[in-house]
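Spelled out, the chains give:
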Amino acid sequence: MVVKAAKIEKYIPVLEQGMDEEEEMKVKKYLRGEAADLGTLQDKKLKGQLAVREDLYGKSAHAAAKAEKWLMPSEAGYLEVEGIEKTWNISQDKIAAEVDILSLRKQFDIVLPDFGPYTLDFSLSGRYMVAGGRKGHMVLLDMKNMDLIKEFQVRETIRDVAFLHNQKLFAAAQKKYVYMYSDNGTELHCLKEHGAATKLQFLNKHFLLTSMNKFGQLHYQDITTGQMVGNFRTGLGRSDTMEVNPFNNVVSVGHSGGTVSMWKPTSAAPLVKMLCHNGPVTAMAFHSNGHLMATAGMERKIKLWDLRKFEVLQTLPGNAKTLDFSHRGLLAAATGSHVEILGDFSGSREYSRYMAHSIAKGYQIRKVAFRPYEDVLAIGHSMGWSSILIPGSGEPNFDTWVANPHETRKQRNEMEVRSLLDKLPPETIMLDPSKIGSVRASRKKEKPTKQEMEAEMEAVVDGAKSLPLKKKTKGRSKPSKIAKKKEKAVLSAKKYFLEQHKKDGDTSKMKRKRNEEETNQLPKSLQKFARKVPTS
């Protein structure tokens, strides 16, 4: 059926017949807001073009809703309460009584009082976890099969642990140096350039191991070549807080003065330095979209920042020694023996209390980490580590090209080769990575200085003086005639520069006159603070 553009008032996407309410909601989710109001347009051609475009948007929404059924078969979990019951009053025992057996296996406590406190890290797929005790105990676990892969003692203080590009390699920040280990516990490298590191992070797209040592030095090392890409002094003292923005791979460091500085490996100066708290920054975390940052300060405040505008979105009361965002945007904040999970369920970026959990009294939490693609929160504390269930925290659908929890040995080897081929150079790390591949805007032509204009005028005058003249007869090549011609050529060469100088003088006079008028309008007590235009 053909619809004439002149009779179209407002396009409304037509839903297919026999479609249930759930499918209708999915289609509306993929529509691009309200349709264009075509009744107010007078141009028939424009009406027809917009009608065709809106019809195309409707068809794409239908196609996306159908694809979601097969590409995203799983839905995220959630907690549902009735009446005046609150979600944060639901304990882990009540959740364990309702979930299935496989989910119940993910809720456990490991008590190792002789080696804590423990710090944790998960692989990209969430299948493997490495835990390091302060007193030298190192553990590598398969969280899917609940198997112990390797356990060994390094007989040295461990401050932090981090997986590298896959579970076959991980790094540990020990008492004096940073060490790299294989999955069977073999020491592969001793990275002495990093010194006594306090925090470790790995940039998986660039294969860069990043560390912050106790002297306030930030190091970047390429693990494929062993080259030290960057070594910078922050100049703000020792820091125990360092996180990586997953959106642009910019490293952020929290300092004792309340500032957060953002770094890239190709710049000796920070990209951004922002004052976030009045006291020391105790914890930091980034949302998976990279636009939201959470910081905690010693003045017992948790702040949420919009990194596109560098402004505070929300300030929450509370203290936190460690923070972490889940894939679905839940925020875990822990201090002492208490963990609180905050959630934004309205989509307005207003975080509120969602769940709470307290471990045994006297246990001191050191690290919290959400397990990728699972509704699980891991807690490293002074007596071992614990795993609790947080419904709705994990992304239910994983992309096997990014992270595959069920990958085989062959798939892992292929992924390693592919990631090495796709390795990005350090120069691609920037605040806005969408600028890569775009055309740089032309810069405004800078005004030349007085010395440059004088040098250019002298060069033009010398060229005019040395200009060869034709020899003419009948007295037209007399020395006096030649001198007049050269003098005329010099004057015409100087004319442009003299006019430019006069134009600049007139502009500065107008600015000075306008500034004097604005100054005279101010009270006499404020006139001395007015901005004055310097005389040329």
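This text follows the structure it describes.
Being a predicted model, the structure only gives us computed values, none of them experimental.

1. A word on the overall build of the protein chain
Working step 1: Regarding its fold elements, the protein chain presents 7 helices and 28 strands.
Working step 2: Here the C-alpha atoms of the protein chain give a radius of gyration of 33 Å, more than 25% beyond the 24 Å that 2.2 N^0.38 yields for 536 residues.
Working step 3: Taken along the three principal axes of its C-alpha coordinates, the protein chain extends 115 × 75 × 65 Å.
Working step 4: Taken across its 536 residues, the protein chain has 40% of its residues classed as buried.
Working step 5: Across the protein chain, every contact between residues at least 6 apart in sequence was considered, and the portion connecting residues at least 24 apart equals 47%.
Working step 6: A total accessible area of about 32,200 Å² is found for the protein chain, and carbon and sulfur atoms account for 53% of it.
Working step 7: The averaged location of the 64 negative side-chain charges in the protein chain is 14 Å from the averaged location of its 86 positive side-chain charges.

2. Comments concerning the packing of helix H6 (residues 450–465) against helix H7 (residues 479–521)
Working step 1: At their nearest, the axes of H6 and H7 sit 8 Å apart, and the two run at 160° to each other. Relative to H7, the element H6 is oriented roughly antiparallel. Read as a crossing pair, H6 and H7 show a hand that is right-handed. Contacts between H6 and H7 pair Met-453, Glu-456, Met-457, Val-460, Val-461, Ala-464 and Lys-465 from the former with Lys-486, Ala-489, Val-490, Ala-493, Lys-494, Phe-497 and Gln-500 from the latter.
Working step 2: Looking at the contact of H6 with H7, its residues break down into 9 nonpolar, 1 polar and 4 charged.

3. With respect to the pairing of strand S17 (residues 272–275)
Working step 1: By the alternation rule, side chains of S17 split into Val-272 and Met-274, which are all buried, and Lys-273 and Leu-275, of which none is buried.
Working step 2: In this sheet, S17 lies alongside strand S16 (residues 259–263) in antiparallel orientation, the contact comprising 4 bridges. From the neighbouring strand, Met-262 faces S17, where its bridge partner is Val-272.

Rules used in this analysis
Residues numbered from 1 in each chain as written. Predicted model: local features only at pLDDT ≥ 70, side-chain atom pairs only at ≥ 80, totals over all residues. Heavy atoms only, no water. Helix = DSSP H or I, 4+ residues; strand = E, 2+ residues; numbered from the N terminus. Rg over C-alpha atoms; globule rule 2.2 N^0.38 Å. Buried < 20%, exposed > 50% of the residue type's maximum accessible area, 1.4 Å probe, protein only. Contact = heavy atoms within 4.5 Å. Areas by Shrake-Rupley, 256 points an atom, 1.4 Å probe, with all protein chains shown as cover. Lys, Arg positive; Asp, Glu negative; His and termini not counted. Charge placed at Lys NZ, Arg CZ, Asp CG, Glu CD. Axes fitted to C-alpha atoms, helices over the stretch in contact; angles between N-to-C directions. Parallel < 35°, antiparallel > 145°, perpendicular 65-115°, else oblique. Left-handed = near helix turned anticlockwise from the far one by under 90°. Nonpolar A, V, L, I, M, F, W, Y, C, P; charged D, E, K, R; others polar. Pairing = 2+ DSSP bridges.

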